[in-house]
Every structure is written in structure tokens, then in C-alpha cells.
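Structural description and commentary
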Amino acid sequence: MFSYLKVIGMGNQEGLYRFKLLMVLEALFAGVYISLTRGLFVIFLVSIGYMVEGISFVVLVSSFASLVIASVIYKRPSFLMRRVKFKLVFFHALERITWFFIPLIRHSLAVSLIYSLYMVFSSVLSIFLSFTIYGLLNEVEIKDITAKRSAVMGISNIIGYGIGIFLLAFLPHENKFVSIFSLGTLLGLFSTVLISFVDVSSLERTGFPSRAEQPEKVFSASFFFVILLLSGNLFGIVWTPYLMNELRGADFIAASMSLSGTLASITASLVWSKRSFKALRLGLVLNALGPLLVWFVPVPEYHIGVSVFTSFTFTAANFIGTFLFARYNEWFGAVKSSILLVIISNLAQLVSAPIGMAFGSNYGLAFSILFLAKALAMVLAAIFIPEVAVIREDVARTYSRILYKNSVVGYRVAVEVSRETILGVFRILALSIVLATLYLIYRTLLLLIT
Amino acid sequence: MTEDIIRIIREILAQMAAETVRLIPKIFVTLVVILLTALVIKMINFSFRKLLKVARLDEAFEKLSGIALPFSLSNAIIWVADLGIALIASYGIVNIFLGAQYIQLFTEGIYYGARVLSIIALTLIIFTLFNTAIEKVRVETRLKGYMFFIVLLLVTAMLVDITALSDPVKNALITGLSLGVGISIGVFAAWFFFHEYLDRRFAEKQKG
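Residues numbered from 1 in each chain as written. Chains lettered and ligands numbered in written order. Predicted model: local features only at pLDDT ≥ 70, side-chain atom pairs only at ≥ 80, totals over all residues.

Comments concerning the overall build of chain A
- Scanning chain A for helices and strands turns up 16 helices and zero strands.
- The 450 residues of chain A split such that 45% are buried.
- When contacts within chain A are restricted to residue pairs at least 6 apart in sequence, long-range pairs at least 24 apart make up 84% of them. (Helix = DSSP H or I, 4+ residues; strand = E, 2+ residues; numbered from the N terminus. Buried ≥ 20, exposed ≤ 12 C-beta atoms within 10 Å, placed from the backbone. Contact = placed C-beta atoms within 7 Å.)

This is the structure:
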């Protein structure tokens, strides 16, 4: 059995308290920083003339870049295990410093590139932060700190958005974003200073299992989490335009929805954090009703209440995924858990962007897809994840194994077919180049002698 | 007398030297052309080999046609490409050294060479097809001999076309060969379709 050093969790109460305090404070400043930078990035893009397609393109490119980087680290996890402190602080600072440069650039391609770079740094940082939490704490403490960080980040998000709106309204138009992003960066760098006090020396000795003991469990949990996050991202893309364009809701309602949703998720983080998987399951079931509620409630004002409901239940559903990984952490390892969480998040973002672009304007279809995605996540959790399943655990484990094996076979077939197709294309291309060159040679000869 | 000889030799040497000096730029350019040709051929060979290795042409041809060629198709393509480049280079060298009046001769030479090459290629293709047909269909030895005979006649007719014989002789030979091939195929077809009937008739006649 693979074991991990839980240095902080092993009776060192003072160390644990210090670690938790630093991580929560880091989340507090990071929340304001994110609101002032990433939160206003879309508005910045619009201000420099970006259209919806351009914004989606930036999101797509950056998500793809982060996904690639996270996948590379997953293949070579040893990158995480050497000089952890230096890399954690380095990427923490680098991610924040990138925002100094973004408002200075006006060229669309350059903005896409630098934002992709930021996303890459952000992904690596997320991996290191998850690795720090998953690598140093046990399951109970992971749940506790995740909930506290979520709640604190929610509060600081609200503060950050408040500051952002104030600055957007009162700063002069020229160099407005330079000032806001710089302020965000400075606050973000303050959280970097805080993170530099975290003792991660024990992570240097962390290992990871060469083979996962129960890969089917990780697979089912990942599959569920991707679908859930995908539905969450899609909801974000579709809901506000539906409210404003279709239901003719005022813009303050959209803003209130966002605020009430954040407040609900703060409360939900504290409420759901101590609950069992069976209780969280209820949140998941209720969350699946969200798209239907949004679709069938015609009064825009009522959507504020719906937002409270969906945010509250989504937090529970989200906790299922996070807590599952906290549990699997014991045998799956902090290294792979942390990387996989980032891959899942990026994958969900990457898939949701084109779906949103394709079906975003057809609200009926979009809400149907959303409902189906949430229902699928619910079915996956109810049947294939033993910890959450409504059926007997051993039966769920068997189903999970069947799903995993079939998916692996399907994946291998798909990879083989794709490989053959790509090779076929390359072969035809190679032959075409040879024949074209041959034609060129003899055409030249013919032109010379005639 | 001796002075005359020396003067003549001097003139000859002077003329040779003058011609050599006149030819030096041409020789230099020719050397450059040859070097460039060698370089291009080397590059083409290298890149074609890599590309054809990716394309797996021989394997694909054998799999798709079911015919095993006696030579490598990839090598043949590389050889044809090299030949093309060599011909372009030769054209350039002829143009530099001999001038435009020899280009016509060169062109005729190329056409003649192309005819020879096409006959070789056709012969190879015919023999390959012949071999494949024999391997695929169980053919008895006599029939094999007959098919080989027809193929030889066809190849001979093509060879006659590139010989230096006069046109009437060529025409007469090719007409004769064509007639021979036609009659042979006709007789074979008659035997192939009606041999049972003919056997019966002959047997009846012998009895009667």
C-alpha cells in the first residue's frame, strides 16, 4: 500500500492552524485579484474591439494550451516533486505579473498569446496549489480547507467586483485597465508573499504510485466531474444572454444574479462542507432541475432566486467531485490528483466553449443540452460512483469497472483508428509530393526541349 | 622550312590556347551545372527515399494489386526522377557547349531514348502481368508456352519499331507479326470455344 507523509495532519496542530490560515488568507487576496483581473478581462477585450467569436477564440486557445501543459505534467509528474517551494512561489508570482502586460497590448493575436501564457501559468499554479493541499492534508482537512477557501474566495470576489465596478465607473477612460489590472496584480502579489510562508518541505519527498489501485473509480469520478463542470460553464454562457435578450431582464438583474449566486455559494460552502456524500447527492439532484427552472420561469426578477438555488446546489455537486479526489488521494496520490483536477477543469472549459458558440443562441436547445448534461452527471454519480451511488456499493463498483473497461477499449479503438487515418493522410501526402516533384521535373524538361 | 613548321605549330598551339581560354568559362559553368545536378540528385534521392518510406508505396501496390513486381517501385520512381534531372542538366550542357543547332539532335535523342525506355517498361509490365496470370490461374504447360509466344511476338513488334531498319522493311515486319499474332489468337479462340465439338467431329470421322 502506498503511503504519504501527512506532516501537518500528524498531530502538529499549530502547524496545521498556520497552514490553514495562510491558505485561507491567500484565497482572500487571490479572490480580489481574480475579480480585478480575470473577472474584468472580457470587458477589457470588448473595450479593445473584440467580438463574441474573438473572445471565444481566446478562451479556446488558452484552454487548449493549459490542457496540453497539464497533460504533459501528468505524463511527467516528477516536475512537481523537485524544488516545490521555489516553483510554487515562482508560478504564483509569474501568473500575477502577466496581468501587468495584458492591458498594455492592443494587438488581438498578441493578447490571445499572452492570455494563453497566463492560462498556462495559472494551470501550473493550480496544480501546485492542489498538490500542496492534497499532499499535506488528510481527507477531513482537505474537505475543511476546500470549503473555507471557497467561502473566503466568494467573499473576496464580491469585494473585488465592487472595487472593479467602482474603478471602471470613476477612472478616466485612458489607461483605465492599466490601473485596475495593476492594482489587481499588486493584491495578487500580496497573496504570493503569503504563500511563500507555507512550509512545503515535506512535499519534496512525496512519491506517487506507478499504478492506480482502482483506476475505474478515478475514471468514473473524472467523467462525472468533467460533465458537471461542463454543464456549469455552459450555464454561465447561456443564462445571462437568455435573461437579457429573451426575457428582456434589466442589466441590474443580471448583476444581482451574479451577486446572489456568489453569496449563496459562500453559504453553501460552509453548509455542505461537513455533509456526507449521500447528502451532497441531494444537492446534485436538485441542481439538475436548474436549467428547467431557468427555462420555465418567465419573470426575470425570479431568476435571482433561481440563481441562489442553482449556486447553492451546484456547490454541493461540485464538492462531490472535489471530495472524491480528497478520498482517492490516499491511494491515487497527491501528485496525480492535483494534476487531474486541473486537466478536468480545462477539459470542461475547452468543450463548453464551442458548444456554447454553436447552440448559445438557440435557448431551447441549449437548456435541453444543459439539462441532459446535468442529468447525465446525476446518473453517473448514482450508478457508477460507489461512494455516491443509490445502488449497493459493490454493484456500483462493478458498473464502474464495466464502464472503465468499455471506455478503455473504446479509447484504444478510437486511438488506433485515428492513428491509421492520420498515417493514411501522411502517406497520401508523401506520395503526392513525390509525384508532383516528378511531374515538375519532366514538365521542365518538356518545356526546354519543345 | 623548319621555321615554317615552328610557325605552324605555334599557330596551332596559339589557336588551341585561344580556344581553351574561350572554353574555360563554359567549362566552369558546366562544372557548376554538374555539381548542382549532383547536389539536386542527392537531395531528391534523400527526400524521395524518406517520403516513399512514409508512403510505403511497394507494400501498398502489392496489397492493392496483388502483383509482386520484380523490382522496387520506389527505386524506379527515384531512378526516373534522377534521369529527368540528368536530362535537364545534359540539355543545359549541350546548350552551353554546342549551341542551339545541336539542341534538335539532343531532342531527337531524348525522344528515341523515351521510346526505348517505354518499350522496356512495357515489356516489364507485360511479363509481370503474364507471370501473375500464370501464378493466379492454373495454366497447363502448353498454354503457358502459347501465351509466352504471343508476348514475345508483341515485344518483337515493339522492338522492330526502334530499330534502324528502313520504313518499308519495318512496316512489312510489323504487318507480318501483327497478322501472325491475330491468326494465332484466332486459332486459339476457335480451339478454346469449340474444341469439344471439334474433338467429337474428328472422333466420329475416325470411326466412320
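Observations concerning the overall build of chain B
- A count of helices and strands for chain B gives six helices and zero strands.
- Along the chain direction, N to C, the helices and strands of chain B fall in the order α-α-α-α-α-α.
- The buried share among the 208 residues of chain B stands at 6%.
- Sequence separation of 24 or more characterises 65% of the internal contacts of chain B that already satisfy a separation of 6 or more.

Section: the confidence of the model for chain B
- Taken as a whole, chain B shows an average pLDDT of 85; of its residues, 99% reach a score of 70 or greater.
- Under the prediction, the complex receives an ipTM of 0.72, its pTM being 0.62. (pLDDT = per-residue confidence, 0-100.)

Here we look at the nonpolar core
- Counting 120 residues, the largest nonpolar core has F224 and I385 of chain A as its most contacted members.
- Considering each element in turn, this core owes the most residues, 17 residues, to helix α9 (residues 215-246) of chain A.
- The residues that make up this core include at least three from each of domain 1 (1-206) and domain 2 (214-390) of chain A.
- In contact with F224 of chain A, not counting residues within four places along its chain, are G321, A377, L380, A381 and I385 of chain A.
- Core analysis: the next-biggest nonpolar cluster, separate from the first, contains 12 residues, F48, L52, A81 and I85 of chain B among them. (Core = buried A, V, L, I, M, F, W, Y, C linked by C-beta atoms within 7 Å. Domains from an automatic or database assignment.)

Brief notes about the packing of α9 of chain A against helix α15 (residues 363-384) of chain A
All names here are of chain A.
- In the contact formed by α9 and α15, the axes pass within 9 Å of each other and the chain directions differ by 155°. It follows that α9 is roughly antiparallel to α15 by the angle criterion. Pair α9 / α15 crosses with left-handed handedness. For the pair formed by α9 and α15, the contact residues are S220, F223, F224, I227, L228, L230, S231, L234, F235, V238, Y242 and E246 on the first element and Y363, A366, L370, A373, K374, L376, A377, L380, A381 and F384 on the second.
- When the residues that make up the contact of α9 with α15 are grouped by side-chain class, the tally is 18 nonpolar, two polar and two charged. (Axes fitted to C-alpha atoms, helices over the stretch in contact; angles between N-to-C directions. Parallel < 35°, antiparallel > 145°, perpendicular 65-115°, else oblique. Left-handed = near helix turned anticlockwise from the far one by under 90°. Nonpolar A, V, L, I, M, F, W, Y, C, P; charged D, E, K, R; others polar.)

Overview of the interface of chain B and chain A
- Taken together, the contact between chain B and chain A spans 17 residues of the former and 14 residues of the latter.
- Sorting elements by how many residues they give to the side of chain B that touches chain A places helix α3 (residues 73-97) of chain B first, with eight residues.
- Partitioned by chemical class, the residues of the side of chain B that touches chain A number 14 nonpolar, two polar and one charged.

So, the confidence of the model for chain A
Residues and elements named next belong to chain A.
- Overall, the predicted model of chain A reaches an average pLDDT of 83, with 94% of residues at or above 70.
- At the level of individual helices and strands, chain A shows its lowest average pLDDT in helix α2 (residues 38-47), which scores 78, and its highest in helix α5 (residues 84-101), which scores 90.
- The low-confidence segment residues 1-10, where pLDDT is below 50, has 22 contacts with residues more than four positions distant or belonging to other chains.

Some remarks on helix α6 (residues 108-136) of chain A
- Across its 29 residues, α6 of chain A extends 41 Å between first and last C-alpha, which sits within 8% of the 42 Å expected from 1.5 Å per residue.
- α6 of chain A sits mainly inside the fold: 23 of its 29 residues count as buried. (Expected span 1.5 Å × (residues − 1).)

Concerning unusual backbone geometry
- We note that R83 of chain A has phi near 50°; this positive angle belongs to a residue other than glycine.
- The residue R83 of chain A is located in the loop between α4 (78-81) and α5 in this model.
- Residue class for R83 of chain A comes out exposed when judged on the 11 C-beta atoms lying within 10 Å of it.
- The phi dihedral of R56 of chain B falls on the positive side, at around 50°, and the residue is not glycine.
- Along the chain, the position of R56 of chain B falls in the loop between α1 (2-55) and α2 (57-65).
- Judged by C-beta crowding, with 16 C-beta atoms within 10 Å, R56 of chain B ranks as partly exposed.

Comments concerning the environment of L280 of chain A
- Its place among the elements puts L280 of chain A in helix α11 (residues 277-288).
- When near neighbours in sequence (up to four residues on either side) are disregarded, L280 of chain A contacts W272, R275, A316, F319 and I320 of chain A.

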